[in-house]
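# Working through the structure, step by step
Here is how the chains run, residue by residue.
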Amino acid sequence: MSNKIAIITGASRGLGKSAALHLAAQGVDIIGTYHSNVAEAQNVIAEIEALGGRVKMLQLDVGDSSRFEGFVGQVAAVLSAFFKADRFDFLVNNAGVAARASFAETTEAQFDQLVNVHLKGSFFLTQKLLPLIADGGRIINISSGLTRFSPVGYVAYAAMKGAVEVWTRYLANELGPRGINVNSLAPGAIATDFGGGTVRDNPDVNAWVAANTALGRAGQPDDIGAAVAMLLGDGGKWITAQRIEASGGMFV
Ligand code: NAP
């Protein structure tokens, strides 16, 4: 039987990279995307190949929907030439950027970038990729704990993620007849490069997160990579239309 194939956006660093490594370790073939960091994308290729896995990394700006048709063509070509397949099985909409500003200070430019990357990007990329997703496949949209708790500074970002959780549920209903599960996975604060690496590199922020987390520490990329692999594994087959939070119990 041929391997399952996963497309993961933003697979060059952080949570997407961890998801790619976890899935590759389970024998899933990976089509990852990166935005601008070629060196990190090459590192992911090397790490997956060292595990004996198969991987292609493609450039993609999820904030520019005018390029999605071309990207889908690239995916179809890679599926056929490299993976000898005409469909892929799993889509993880993960790529994203941060913007920290109070409601009063949020600029239209920040808002537009967040809409384009987190909401419009994931929505229309998924729409364009739908013909290539195998029946019985799965889609995970990465959301955020910030849709449930509301510290000042994340209003626009969290609003986009909240919208992602809503379209996720609608898509689960629409794709149910094809046997495709669609869920959102909401990480708490995780120590990555995200937002300038604050959770990882700022000791005060890291301690604040730990103090407000039931399990007593900030999350690590591996916590989320493992959760993605779990949802895309056999244990996730009856889970759809859900918001699943992986935050170690932040603000419970
Ligand atoms: P990260 O370490 O900053 O990595 C971001 C990834 O997204 C990189 O692979 C980057 O590619 C890619 N990317 C950035 N902008 C892009 C664009 N316009 N088009 C395509 N790809 C783009 O971030 P992360 O912490 O892994 O976050 C991943 C996701 O988790 C995001 O959706 C974020 O909102 C969400 N999240 C993060 C946290 C957290 O605390 N870290 C918490 C909740 C939710 P390059 O390497 O080429 O730049």
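The residue numbering used here restarts from 1 in each chain and proceeds along that chain's sequence as written. Reporting of local features is limited, given that this is a predicted model, to residues whose pLDDT is at least 70; pairs of side-chain atoms are given and counted only at 80 or more, and all residues count toward the totals for whole chains, interfaces and linings. As a rule here, side-chain values cover all heavy atoms of the structure and leave hydrogens and water aside.

### Quick word on the overall build of the protein chain
- Across its full length, the protein chain holds eight helices and seven strands.
- To get the radius of gyration, use the C-alpha atoms; to get the globule rule, take the number of residues to the power 0.38 and multiply by 2.2 Å. Taken over the C-alpha trace, the protein chain has a radius of gyration of 17 Å; the compact-globule value for 252 residues is 18 Å, and the two agree within 12%.
- With the C-alpha coordinates of the protein chain rotated into their principal frame, the extents come out at 50 × 35 × 35 Å.
- Each residue is placed in one exposure class: buried if its accessible area under a 1.4 Å probe, protein chains only, is under 20% of its type's maximum, exposed if it is over 50%, and partly exposed if it falls in between. Expressed as a percentage of the 252 residues in the protein chain, the buried residues total 48%.
- Long-range contacts, defined here as pairs at least 24 residues apart, represent 76% of the contacts in the protein chain between residues at least 6 apart.
- Throughout, the Shrake-Rupley method with a 1.4 Å probe supplies accessible areas, and for residues the shown protein chains are the sole cover considered. Total accessible area computed for the protein chain in this model is approximately 11900 Å², and 54% of it derives from carbon and sulfur atoms.
- With 20 positive and 22 negative side-chain charges, the protein chain shows a spacing of 5 Å between the two charge centroids. Secondary structure elements follow DSSP: runs of H or I no shorter than four residues count as helices, runs of E no shorter than two count as strands, and numbering proceeds from the N terminus. Here, two residues are considered to be in contact whenever any of their heavy atoms come within 4.5 Å of each other. By the counting rule applied here, Lys and Arg register as positive and Asp and Glu as negative, while His and the ends of each chain are not counted. For charged residues, the charge sits on one atom: NZ in Lys, CZ in Arg, CG in Asp, CD in Glu.

### Things to note about the packing of helix 1 (residues 14–25) against helix 8 (residues 221–232)
- Viewed as axis vectors pointing N to C, helix 1 and helix 8 meet at an angle of 50°, and their least axial separation amounts to 7 Å. Comparing their axes, helix 8 and helix 1 come out oblique. With respect to the hand of their crossing, helix 1 and helix 8 are arranged in right-handed fashion. Contacts between helix 1 and helix 8 involve Gly14, Leu15, Ser18, Ala19, His22 and Leu23 from the former and Pro221, Asp222, Ile224, Gly225, Ala226, Val228, Ala229 and Leu232 from the latter.
- Its residues placed into classes, the contact of helix 1 with helix 8 shows nine nonpolar, four polar and one charged. Working convention: axes come from line fits to C-alpha atoms, limited for helices to the stretch in contact. Angles between N-to-C directions cover 0 to 180 degrees. In what follows, roughly perpendicular refers to angles from 65 to 115 degrees, roughly parallel to angles under 35, roughly antiparallel to angles over 145, and oblique to any angle outside these ranges. Helix crossings fall into two classes, left-handed where the near helix is turned counterclockwise from the far one by less than a right angle and right-handed where it is turned clockwise. Note on residue classes: Ala, Val, Leu, Ile, Met, Phe, Trp, Tyr, Cys and Pro are nonpolar, Asp, Glu, Lys and Arg are charged, and everything else, Gly too, is polar.

### With respect to the site of the ligand
- Surrounding the ligand, one finds 31 residues, the nearest of these being Ser12, Ser36, Asn94, Tyr157 and Thr192.
- The term polar contact refers here to a pair of N or O atoms within 3.5 Å; inside protein, the definition further demands a hydrogen-donor-capable atom paired with an acceptor-capable atom, and it admits residues adjacent in sequence only when both atoms are side-chain atoms. Within the contact set of the ligand, an oxygen atom lies 2.8 Å away from a backbone nitrogen or oxygen of Leu15.
- If the ligand stood free it would expose 910 Å²; the protein chains cover 94% of that surface.
- For the shell around the ligand, the secondary-structure elements that each account for two or more residues are helix 1, helix 4 (108–129) and helix 5 (155–175). Here a residue is near a molecule or strand as soon as one of its heavy atoms is found within 4 Å of it.

### Thoughts on the pattern of salt bridges
- Think of a salt bridge as a Lys or Arg side-chain nitrogen and an Asp or Glu carboxyl oxygen that are within 4 Å of each other. As enumerated under the stated definition, the model contains 10 salt bridges in all.
- For Arg178, the salt bridge identified is with Asp135, shortest N-O distance 2.7 Å. With Arg178 in the loop between helix 5 and strand 6 (181–187) and Asp135 in strand 5 (residues 133–142), the pair connects residues that are 43 residues apart, well separated along the chain.
- The exposure class of Arg178 is partly exposed, given its relative accessible area of 28%.
- Using a relative accessible area of 57% as the deciding quantity, one classes Asp135 as exposed.
- Measuring nitrogen to oxygen at the nearest pair gives 2.9 Å for the salt bridge that ties Glu245 to Arg243.
- Judged by its relative accessible area of 29%, Arg243 falls in the partly exposed class.
- Connected via shared salt-bridge partners are Arg13, Asp193, Arg200 and Asp201.

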